[in-house]
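For reference, the chains in residue letters:
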Amino acid sequence: MADKVGDSGDGVKRKISNFVFWNQTRVFILALSLTCLTLTQINSQIFTFTVICMDDLIVENQMSNVTEPHWIEGTTEKSILFSATAIGALVGLIPSVPLLNRLGVRLTLSVCGLCSTLGTFFTPIAVSWSFYLVVVCRVLQGLGISVILTVLGVIPTSWSPKSEYSTYLAILSCAWQFSNVIFMPISGILCDSEYGWRSIYYAFGVLTGFFYFIFYMFYTDAPGVHRNVSEKELGQIKEGKPDHAIRETVPYKRICTDPCVLAAWISFLGGNLGFITLLLYGPTYLREVLNFDVRSTGYINALPYALCAIYKFSAGKISDRIKFASDKTIYTFWLFSSIIGLSIGYCIMAWTTDRNIAFVAFAFAIVTSGLIIMASVKCLAMRCQQHCHFAVSTVSFLSYCVQFISPLGVGIMCPDNTPEQWSRAFLLITGIMILTNAPFPFLTTQEAAEYTKHKKSPMGELSEKV
């Protein structure tokens, strides 16, 4: 049968396929985007797990009668590799806003996916050749994740109806949780198998390339030009949004001096420090401090992230249906439930000597940490409206700064991975989280800023309850 002809929503005729995913193409877009973001995040984290099962490199080095120890034994070298991903992410983030404006999400994210694929697939080869080549691979993986947080704010804006925004955002932001749920158990099994740690890089490198190819072929930056989006579904997505997306010059100075935006940025900086430390050093803490074996580390580190994903989805779904509370009340509750949960978990880990209690506290901290990014993105989206891509890009910048500095700080404070060293680190992080989040409820607002009101916003009036 011939394709139907419809309206893109901008007065331009478009072809509509006979297969429209039962008027749920946006759900397929969500699943595909989530898969790609998850795989990219997995690639950036693989080294944080395989570092605990790369002892064969030390054995090979000793058998080669080399007098110098292998770089995998050096705390400084490992800290550099942990931070190299953040360097790549920061480098990629600098041109991300103009690239997203000029090329769109489809092309920009696909290029990032290619960098992540190459950096992951060639890591085992680089390990055999040179430490510096491994650094290059880690930087490529960092380039892969450079726009993740930014597109996290853009894709829901383009593809979700207003009434589903929080749910769409919650599911898409589960990439961090799903990455651990998927790759931690698989990595634990493969590390202990005959295939070894190298197989992890090859497997996820191939999967990343495959799904990003599908993403490039299927995704469009606007639902109005997608041939599998029906007229009915397009109407649902566009309901309550402006008919025309108008490009405006970003008022950088006004955004950067907005107290609401500054409070959201500072809050995220502290909260993300707590989350990133667990994300990067969870396997090391479980293995070196709590003395779990490699396979157990994979399974038990994945469990809290699975629970966190369920927690985030439930929070998003419930908030889309709440009518009695303001949006500010909702995202402030999201933020403080995460900060309080992280602080409790960190304090218990710092003070207990019982392995089981420490693991429960570790899991509790991870589960409750999931709403930090949701609170930050929603607050900035409502405040900055059509300029939220810049505000969220700054969140990305702060995240990667934390990811760069955190390994250096841990390397200094926990060189021997003793419980006492980690206790001091946990208490310091707790104090930073509390101080950076204290101004948030007093300075933030759900009202759109004046600099957004010159023209209509593509976000619509998010502050109005549906």
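Procedures and definitions
- Residues numbered from 1 in each chain as written.
- Predicted model: local features only at pLDDT ≥ 70, side-chain atom pairs only at ≥ 80, totals over all residues.
- Heavy atoms only, no water.
- Axes fitted to C-alpha atoms, helices over the stretch in contact; angles between N-to-C directions.
- Helix = DSSP H or I, 4+ residues; strand = E, 2+ residues; numbered from the N terminus.
- Parallel < 35°, antiparallel > 145°, perpendicular 65-115°, else oblique.
- Contact = heavy atoms within 4.5 Å.
- Nonpolar A, V, L, I, M, F, W, Y, C, P; charged D, E, K, R; others polar.
- Core = buried A, V, L, I, M, F, W, Y, C linked by side-chain atoms within 4.5 Å.
- Buried < 20%, exposed > 50% of the residue type's maximum accessible area, 1.4 Å probe, protein only.
- Patch = residues over 30% accessible without salt bridge, like charges linked within 9 Å, V, L, I, M, F, W, Y side chains within 5 Å.
- Areas by Shrake-Rupley, 256 points an atom, 1.4 Å probe, with all protein chains shown as cover.
- Salt bridge = Lys/Arg side-chain N within 4 Å of Asp/Glu carboxyl O.

1. Some thoughts on the packing of helix α1 (residues 25-50) against helix α8 (residues 165-172)
It is the contact of α1 with α8, at a shortest axis distance of 9 Å, that shows an interaxial angle of 30°. As summarised for this structure, α1 and α8 are arranged roughly parallel, according to the angle between their axes. Side by side, α1 and α8 meet where Arg-26, Ile-29, Leu-30, Ser-33, Leu-34 and Leu-37 of the first sit next to Tyr-168, Ile-171 and Leu-172 of the second. Class assignment of the residues belonging to the contact of α1 with α8 gives a composition of 7 nonpolar, 1 polar and 1 charged.

2. Some points on the environment of Lys-232
Mapped onto the fold, Lys-232 is located in helix α11 (residues 231-238). The spatial distance from the C-alpha of Lys-232 to the C-alpha of Leu-398 is 40 Å, given a sequence separation of 166 residues.

3. Points about the nonpolar core
One finds Val-105, Trp-265 and Tyr-285 to be the most contacted residues of the largest nonpolar core, which totals 137 residues. What Val-105 contacts, discounting residues up to four positions off in sequence, is Leu-100, Ser-110, Val-151, Val-154, Ile-155, Phe-215, Tyr-219 and Asp-221.

4. Some words on α8
A large share of α8 lies buried, amounting to 8 of its 8 residues. Of the residues making up α8, those classed as buried are Tyr-165, Ser-166, Thr-167, Tyr-168, Leu-169, Ala-170, Ile-171 and Leu-172.

5. Observations concerning a nonpolar patch on the surface
A surface patch of nonpolar side chains, about 750 Å² in accessible area, is lined by Leu-114, Leu-118, Phe-122, Ile-125, Trp-129, Leu-133, Val-136 and Tyr-202. Where the nonpolar patch is concerned, the elements lending two or more residues are α4 (96-121), α5 (123-129) and α6 (131-145). With respect to the helices, strands and loops of the structure, Leu-114 is situated in helix α4.

6. Quick notes on unusual backbone geometry
If a residue is not glycine, its phi is most likely negative; likewise, a peptide bond is most likely trans. Positive phi, close to 55°, is recorded for Trp-22, a residue that is not glycine. Here Trp-22 is to be found in the loop between β2 (13-16) and α1. The residue Asn-291 is not glycine, and still its phi comes out positive at about 65°.

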